Amino acid sequence: DGGEGGGKDTHIERIKEIYGGARNILFTREPGGTEIGLEIRATLLSTRNTAMAPETELLLFCAARAQLMREVVIPALKKGITVVSNRFDAATAAYQIYGRVRHHLLGVFRTINTLALTDAETGEIFRPDTYVLLDVSPQVGLLRKSGKIGGLDRMEAEVIDFHERVREGFKIFLAMEHTSRHS
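Everything numeric here is computed off the predicted structure, so don't read it as measured data.

What counts, and where the lines are drawn
- Residues numbered from 1 in each chain as written.
- Predicted model: local features only at pLDDT ≥ 70, side-chain atom pairs only at ≥ 80, totals over all residues.
- Heavy atoms only, no water.
- Axes fitted to C-alpha atoms, helices over the stretch in contact; angles between N-to-C directions.
- Helix = DSSP H or I, 4+ residues; strand = E, 2+ residues; numbered from the N terminus.
- Parallel < 35°, antiparallel > 145°, perpendicular 65-115°, else oblique.
- Contact = heavy atoms within 4.5 Å.
- Nonpolar A, V, L, I, M, F, W, Y, C, P; charged D, E, K, R; others polar.
- 1 Å grid on protein atoms, 1.4 Å probe; cavity = no way out; pocket = protein on both sides within 12 Å on 5 of 7 lines; lining within 4 Å.
- Points joined across faces, edges and corners; volume = space filled by probe spheres on them.

A. Local environment of the packing of helix 3 (residues 54-78) against helix 4 (residues 89-99). Contact geometry for helix 3 and helix 4: axes closest at 10 Å, N-to-C directions at 170°. What the angle tells us is that helix 3 and helix 4 run roughly antiparallel. Residues Glu57, Leu58, Phe61, Cys62 and Arg65 of helix 3 pack against Asp89, Thr92, Gln96 and Ile97 of helix 4. Its residues assigned to classes, the contact of helix 3 with helix 4 comprises 4 nonpolar, 2 polar and 3 charged.

What follows is the structure in structure tokens.
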């Protein structure tokens, strides 16, 4: 995970090259990975939706994750398949909580995210075993994105201060995740 232009797609492609033939690895991306998730992705990233409320954004990202977990991730994990995801809950916290300066929604996010990660049949919560943060300064990352075919999406087009807050948000969220797992 990481901010814009951090190299997530590049590294995912490298992992696929190395392990591409492995039947026990599944690659996903958020939002997306399901028909419903792709529709939510289009809505979230469309430059036509600049009036979207931060709370709507947060709920839609978690809704896409819930769909992906139910349809794809949980069934794969139950079969012993390793899942590698391009973006996950750290990105939602970084962008929608820290980037949007909605710190008061962190508790709400944790609750709805846990709901999204929970197997409806067993109640088991499926959390990532490992997070990989590709930490690149927003100036470098956005420069990498500047020549993107089709132009920047709604998130990429945000002001530099937003991307700086997102970068710090990743670090804060991942430090909290690390602390909560080792206490």
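Right, picking up where we left off after that structure.
B. Representation of the layout of surface pockets. The volume enclosed by the largest pocket comes to roughly 750 Å³. Taken together, 24 residues line the largest pocket, and the ones lying closest to its centre are Val83, Val84, Ser85, Pro128 and Thr130. Of all the secondary-structure elements, those providing two or more residues to the lining of the largest pocket are helix 1 (8-19), helix 3 and strand 2 (82-86). Considering every element that reaches the lining of the largest pocket, the biggest residue donor is strand 2, with 5 residues. Across the lining of the largest pocket, the residue classes break down as 14 nonpolar, 5 polar and 5 charged. Every element with two or more residues in the lining of the second largest pocket is listed here: helix 1, helix 2 (35-45), helix 3 and helix 4.

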